[in-house]
Amino acid sequence: MNIVVNGVDLNAETFGSKSDPPVLLIAGVAPGFEDVFCERLAARSRFVIRYDIRDTGRSVSYPPGEPGYTLRDLVADAAGVLDAFDCETAHVVGLSVGGWIAQLLALDHPDRVTSLTLIAARSVAPGPVDPDLPDHDPELMREMMQAPEPDWSDRDSLVEHAHADARLFAAAAGFDEPVEQARAERLVDRTTNMKSALYNVASMNSGDRWRERLRDITVPTVVLHGTEDRFFPYGNGIALADDIPGARLVPLDGVGHELPARACEAVLEAVVEPTGVRSQDGTVLAVEKSGDGPPLVIVLGAFNSRATHADFAAAAAEHFTVYNYDRRGRGESGDAAEYSVDLEVQDLAAVLAAAGGEAAVFGYSSGAVLALRAAAEGLPISQLVLYEPPPADSGALAARLRELIADGRRGAAVELFQVSIGLPEELVVQLRDAPFRPGLEAMAHTLVYDTTITSESGVEYAAAVTVPARVLAGGASPSTLQESARAVADALPNGSLEVLPDQTHDVVAAVVVPELVRFLAT
């Protein structure tokens, strides 16, 4: 379909249901995201929007050598495409030149981008590269410059030229001649002016540098780059991932400056997992959706990211559509400069919205208290399952942890919390050399968040929670945790307590998931 964006005609296509999270695909000049890729992405519950940037495909075309636009115009177009499909935000995927557009969309319109996937991209526009970035392969450039110019009026000549270009940009091995021949034919048949497509984007005004601004990108980002890319050599992908805070680099072994079928699965996984959800304050939360069935949101406690309970989420996904997320400041989720429990309530509201507007919630430890508070404030929670909401403390622990974090003493904060929950001091000392200790220190600042939440008892919120609720406690857990669980269950107007024999404060999927199924099915 043709849509009018910023006063020009752009060609766009969609795949999947508009009720699913939107994904915006931005390619460059060469064939990018094939129908089969878009269909596979849509099959993973995504609303896929693919469009032709100016001078490519069936979008507006300008005379060769006279691009009537700048790179920033193409960025504004991307935002306009989202507007045309009533999408406030989207997961944005940029390939090659589309990677420039995607980076600048995240920088200039940060409220429109939920997550970023960059394929075969680099952090500088055409022209001299930075000293630390590898430039185009000289042999590739020689071959391109020596290639004969096609007859721009002859389809067969244009197809031959496009096919030869694809061979130049591809890796040395794995080039599928019949497949690439068909792609070249489709490219020529759907492009208004091949000469404009090949020359205009390369000669447009790219405007100011943006590499130095990449540190301002806060959304979850994955950089995928072919190890045999001769146009933007692999070092560009390494540098791009280093320039964007928290970005993950995925090498595409044996892939050139292309998106062949053999690389599509890696790209699909990068786009779909994690899915980013934007909270009210703009913080993007990493959320994994899995399974099929009634929606269930998992809210974990201290020292936990979604990865630490992946086995529990997988077991639950056999019965529910599970939304397992990194609470702010953990894993791949973002954070804010200042913390308040209200922000975490807003985070849970955003995840519930992504889950369809209402869902059951499983809360563990401090996550159980957070879930109780959210339910008391009226969030659309259909049922609650709470595993050992801890008793309240005075708030002194949160204050001391805050001081240690401010002083840069993350290890001391970890150990203070471990002692506070009952670990013997000699064990705490032994755990200093544990392989998981660096991960605990990386999350140490979030201990302030957890202890701020638990400075108030779940009992204080329980009376205002009217939805069906089941409180679980381990029969082998400390008596303080069992007593706290019982007090919360007694205070819930529609609550009940189940003590699990021989269980501790650890969540064991084989024991807890059947309890979830029994209770949530009623």
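Everything here concerns the structure above.
Residues numbered from 1 in each chain as written. Predicted model: local features only at pLDDT ≥ 70, side-chain atom pairs only at ≥ 80, totals over all residues. Heavy atoms only, no water.

## Remarks on the overall build of the protein chain
No. 1: If you tally the helices and strands in the protein chain, you get 20 helices and 16 strands.
No. 2: Here the C-alpha atoms of the protein chain give a radius of gyration of 26 Å, agreeing with the 24 Å that 2.2 N^0.38 yields for 522 residues.
No. 3: The principal-axis extents of the C-alpha atoms in the protein chain amount to approximately 85 × 45 × 40 Å.
No. 4: Counting all 522 residues of the protein chain, 54% fall into the buried class.
No. 5: Counted over contacts in the protein chain with a minimum sequence separation of 6, partners at least 24 positions apart contribute 76%.
No. 6: When the accessible surface of the protein chain is totalled, it reaches about 21300 Å², and 52% of it is carbon and sulfur.
No. 7: Charged side chains of the protein chain number 40 positive and 77 negative; the gap between the two group centres comes to 1 Å. (Helix = DSSP H or I, 4+ residues; strand = E, 2+ residues; numbered from the N terminus. Rg over C-alpha atoms; globule rule 2.2 N^0.38 Å. Buried < 20%, exposed > 50% of the residue type's maximum accessible area, 1.4 Å probe, protein only. Contact = heavy atoms within 4.5 Å. Areas by Shrake-Rupley, 256 points an atom, 1.4 Å probe, with all protein chains shown as cover. Lys, Arg positive; Asp, Glu negative; His and termini not counted. Charge placed at Lys NZ, Arg CZ, Asp CG, Glu CD.)

## Observations regarding the sheet that holds strand S3 (residues 22-26)
The strands making up a sheet associate through backbone hydrogen bonding, with each pair oriented either parallel or antiparallel.
No. 1: If you trace the eight strands from one edge of the open sheet to the other, you get S1-S2-S4-S3-S5-S6-S7-S8, paired in mixed fashion. Both outer strands of the open sheet, strand S1 (2-5) and strand S8 (248-252), are each paired with one neighbouring strand and no more. Strand-to-strand twist in this sheet, taken as the mean axis angle between neighbours without regard to direction, amounts to 25 degrees.
No. 2: As defined by bridge partners, strand S5 (residues 90-95) adjoins strand S6 (residues 113-119) across six bridges and the pair is classed as parallel. (Pairing = 2+ DSSP bridges. Axes fitted to C-alpha atoms, helices over the stretch in contact; angles between N-to-C directions.)

## Comments concerning the environment of Leu492
No. 1: Mapping Leu492 onto the fold places it in the loop between helix H19 (479-491) and strand S16 (495-500).
No. 2: Spatially, the C-alpha atoms of Leu492 and Glu149 are 77 Å apart, while their sequence positions differ by 343 residues.
No. 3: If we skip the residues at most four places from it in the chain, Leu492 touches Leu372, Ala462, Val465, Ala469 and Val471.

## Quick look at the pairing of strand S12 (residues 321-325)
No. 1: Taking burial as the measure, the five residues of S12 include five buried ones, the bulk of the element.
No. 2: Because side chains alternate across S12, one face comprises the buried residues Thr321, Tyr323 and Tyr325, and the other comprises Val322 and Asn324, equally buried.
No. 3: For strand S10 (residues 284-290) and S12, the ladder comprises four bridges, and the chain directions are antiparallel. Looking across to S12, one finds that Ser290 is bridged to Val322.

## Focus on the nonpolar core
No. 1: The biggest cluster of nonpolar side chains holds 54 residues, and the ones touching the most others in it are Leu24, Tyr51, Val81, Ile101 and Leu116.
No. 2: The biggest single contributor to this core is helix H3 (residues 97-108), with eight residues.
No. 3: Every residue in contact with Val81, bar those within four places of it in the chain, is listed here: Ile3, Val5, Leu10, Leu24, Ile49 and Tyr51.
No. 4: Among the nonpolar cores identified, the runner-up in size contains 39 residues, and Tyr325, Val369, Ile381 and Leu384 belong to it. (Core = buried A, V, L, I, M, F, W, Y, C linked by side-chain atoms within 4.5 Å.)

## Considerations on helix H13 (residues 396-406)
No. 1: Turning to H13, its buried residues number three or more, namely Leu397, Ala398, Leu401, Leu404 and Ile405. An end-on view of H13 places all buried positions within 125 degrees of arc, on one side of the element.
No. 2: In this structure, the buried residues of H13 make contact with helix H14 (410-420) and helix H17 (446-453).
No. 3: After H13 finishes, the residue Gly408 shows a positive phi value of roughly 80 degrees. (Arc of directions from axis to C-beta.)

## Thoughts on the packing of helix H2 (residues 71-84) against H3
No. 1: Where H2 contacts H3, the two axes come as close as 9 Å, and the packing angle between them is 70 degrees. Taken together, the axes of H2 and H3 are roughly perpendicular relative to one another. Contacts between H2 and H3 pair Leu71, Arg72, Leu74, Val75, Ala78 and Ala79 from the former with Trp100, Ile101, Leu104, Leu105 and Asp108 from the latter. (Parallel < 35°, antiparallel > 145°, perpendicular 65-115°, else oblique.)

## Re the pattern of salt bridges
No. 1: Under the criterion given, the structure shown has 37 salt bridges.
No. 2: Between Asp281 and Arg328 there is a salt bridge, with its nearest N and O atoms 3.1 Å apart. One end of the pair, Asp281, is in the loop between strand S9 (275-278) and S10; the other, Arg328, is in the loop between S12 and helix H11 (341-354), and 47 residues separate them in sequence.
No. 3: A residue is classified by how much of its surface remains accessible, and Arg328, at 0% relative accessible area, is buried.
No. 4: Each of the salt bridges in this network shares a partner with another, and the network as a whole consists of Asp130, Asp132, Arg209, Arg211, Glu212 and Asp243. (Salt bridge = Lys/Arg side-chain N within 4 Å of Asp/Glu carboxyl O.)

## Side note on the packing of helix H5 (residues 155-169) against helix H6 (residues 177-189)
No. 1: Running from amino to carboxyl end, H5 crosses H6 at an angle of 130 degrees, the nearest separation of the two axes being 8 Å. The orientation of H5 with respect to H6, classified from their angle, is oblique. In the crossing of H5 with H6, the sense of the turn from one axis to the other is right-handed. Note on element contacts: H6 touches H5 through Glu177, Glu180, Gln181, Ala184, Glu185, Leu187, Val188 and Asp189, opposite Arg155, Leu158, Val159, Ala162, His163, Ala166 and Arg167.
No. 2: Residue composition of the contact of H5 with H6, grouped by class: seven nonpolar, two polar and six charged. (Left-handed = near helix turned anticlockwise from the far one by under 90°. Nonpolar A, V, L, I, M, F, W, Y, C, P; charged D, E, K, R; others polar.)

## Topic: the packing of aromatic side chains
No. 1: Under the definition given, this model contains 12 aromatic pairs.
No. 2: Ring geometry for Tyr339 versus Tyr449: centroids 3.9 Å apart, planes at 0 degrees, classification stacked. Here Tyr339, found in the loop between S12 and H11, pairs with Tyr449, found in helix H17; they are 110 residues apart in sequence, far enough to count as distant.
No. 3: A relative accessible area of 7% places Tyr449 in the buried class.
No. 4: Ring pairs connect the aromatic residues Trp100, Phe169, Trp210, Phe231 and Phe232, which therefore count as one cluster. (Phe/Tyr/Trp six-rings, centres within 6.5 Å; stacked < 30°, edge-to-face > 60°.)

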